[in-house]
Amino acid sequence: GHSERREGFEMAGEDEELCAKKLKVAVDAGLKVMFAIGEKKEEREAGTTMDVCAKQLAPAAKLLTEEDWANVAIAYEPVWAIGTGLTATPEMAQETHASIREWVAENVSADVAKAVRIQYGGSMKGANAKDLLAQPDIDGGLIGGASLKADFFNVVNGI
């Protein structure tokens, strides 16, 4: 479900249903999966962040059993923050993570919502990791390009 796969590398991307099917195949094969969701900048600015995330999660909720969710973590990756240096404030990220958890409770189960890991993946770095990870619904960070820089140790040490 990563944004680049959804967008398609200048060709037709993978829609929500295909992402969900691939998720189910991976879980059925015994893999643990990080399922990425997130909105573009114009969607954030239009106030439709959770609509976008719900649309991306809905097909997965239909295909996965409650037991399957034990092998899935959700990565909330605001597309506008990936590799741009921009990042959601801790409050913005917490609000979205809490909304995702609430959506899972309403559309999968309360038990799955409590147990599922929801990680933040939008330009987490040493300067913001501690404040992001202090939020109650942010269960960890999905670190991309920053993991290749010396600042990554500040992310690890900041926890």
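What counts and what doesn't
Residues numbered from 1 in each chain as written. Predicted model: local features only at pLDDT ≥ 70, side-chain atom pairs only at ≥ 80, totals over all residues. Heavy atoms only, no water. Helix = DSSP H or I, 4+ residues; strand = E, 2+ residues; numbered from the N terminus. Buried < 20%, exposed > 50% of the residue type's maximum accessible area, 1.4 Å probe, protein only. Contact = heavy atoms within 4.5 Å. Areas by Shrake-Rupley, 256 points an atom, 1.4 Å probe, with all protein chains shown as cover. pLDDT = per-residue confidence, 0-100. Phe/Tyr/Trp six-rings, centres within 6.5 Å; stacked < 30°, edge-to-face > 60°. Core = buried A, V, L, I, M, F, W, Y, C linked by side-chain atoms within 4.5 Å. Expected span 1.5 Å × (residues − 1). Arc of directions from axis to C-beta. Polar contact = N/O pair within 3.5 Å; in protein donor to acceptor, adjacent residues only side chain to side chain. Salt bridge = Lys/Arg side-chain N within 4 Å of Asp/Glu carboxyl O. Pairing = 2+ DSSP bridges. Axes fitted to C-alpha atoms, helices over the stretch in contact; angles between N-to-C directions.

**Student:** Quick question: what am I supposed to make of the overall build of the protein chain here?
**Tutor:** Each helix and strand in the protein chain was counted, giving eight helices and three strands. Taken from the N to the C terminus, the helices and strands of the protein chain come in the order α-α-β-α-α-β-α-α-β-α-α. Considering the protein chain as a whole, with its 159 residues, one finds that 43% of them fall into the buried category. For the protein chain, restricting intrachain contacts to residue pairs at least 6 apart in sequence, the fraction spanning at least 24 positions comes to 65%. In the form shown here, the protein chain has an accessible surface area of approximately 8,400 Å², with 55% of it arising from carbon and sulfur atoms.

**Student:** How do you make sense of the confidence of the model for the protein chain when you look at a structure like this?
**Tutor:** Detailed reading of predicted coordinates is not advised where the pLDDT is low. Per-residue confidence for the protein chain gives a mean pLDDT of 88; residues scoring 70 or more make up 89%. Averaged pLDDT values for the elements of the protein chain fall to 54 in helix α1 (residues 3–7) and rise to 98 in helix α6 (residues 110–115).

**Student:** Looking at this model, I keep getting lost on the packing of aromatic side chains. Mind explaining?
**Tutor:** To describe a pair of aromatic rings, you give the distance between the ring centres and the angle between the ring planes. With the rule as written, the count across this model stands at one aromatic pair. Between the aromatic rings of Tyr76 and Tyr120, the centroid separation amounts to 6.1 Å while the plane-to-plane angle is 55°, which identifies the pairing as tilted. Here Tyr76 is found in strand β2 (residues 72–76), whereas its partner Tyr120 is found in strand β3 (residues 117–120), with 44 residues between them in sequence.

**Student:** When you look at the nonpolar core in this model, what are you seeing that I'm missing?
**Tutor:** Soluble, globular proteins show a tendency: their nonpolar side chains are buried together. Core analysis: the largest hydrophobic core is formed by 35 residues, its most contacted members being Leu23, Phe35, Ile74, Ile100 and Tyr120. Going through the elements one at a time, α2 (16–28), β1 (33–37), α4 (49–63), β2, α5 (90–107), α6, β3 and α7 (129–133) are the ones with two or more residues in this core. Ignoring anything within four residues of it in the chain, the contact list for Ile74 reads Met34, Phe35, Ile37, Leu57, Trp69, Ile100, Val104, Val116, Arg117, Ile118 and Gln119.

**Student:** How should α2 be read in this particular structure?
**Tutor:** Along an α-helix, residues three or four apart share an orientation, since each turn contains 3.6 residues. Taking 1.5 Å per residue, 13 residues should reach 18 Å; α2 reaches 18 Å between its end C-alpha atoms and fits that length. Residues of α2 that are buried include every one of Glu16, Cys19, Ala20, Leu23, Lys24, Ala26 and Val27, and no others. Down the axis of α2, the sector holding all buried residues measures 165°, keeping them to one side. Exposed residues on α2 whose side chains face more than 90 degrees from its buried face are Lys21, Val25 and Asp28. N-cap assignment for α2: the residue whose side-chain oxygen lies 3.2 Å from the backbone N of Glu17 is Asp15.

**Student:** Just checking my understanding: could you explain the pattern of salt bridges for this structure?
**Tutor:** Any two side chains of opposite charge can pair, given that their charged atoms come close. For the structure on display, the rule yields seven salt bridges. Taking the shortest distance from any N to any O, the salt bridge between Asp137 and Arg101 comes out at 2.7 Å. Pair noted here: Asp137 is in the loop between α7 and α8 (152–157) and Arg101 is in helix α5, with a separation of 36 residues, a long-range link. The class for Arg101 is buried, based on a relative accessible area of 13%. Salt bridges sharing common partners tie together Lys24, Asp28 and Asp68.

**Student:** So what exactly am I meant to see when it comes to the sheet that holds β2 here?
**Tutor:** Hydrogen bonding along the main chain pairs the strands of a sheet, whether they run parallel or antiparallel. As summarised here, the arrangement of the three strands in space is β1-β2-β3, forming an open sheet in which the pairing is parallel. Since the sheet does not close on itself, it has two edges, and those belong to β1 and β3, each with one partner. For this sheet, the mean angle separating the axes of adjacent strands, direction not counted, is 30°. Sheet topology places β2 next to β3; four bridges connect them, and they run parallel. Bridging across to β3, Tyr76 finds its partner in Tyr120. Across the face of the sheet, α2 comes into contact with β1 and β2 while running at roughly 165° to β1. Against the sheet, α4 makes contact with β1 and β2, and its axis sits at roughly 145° relative to β1, the strand it touches most.

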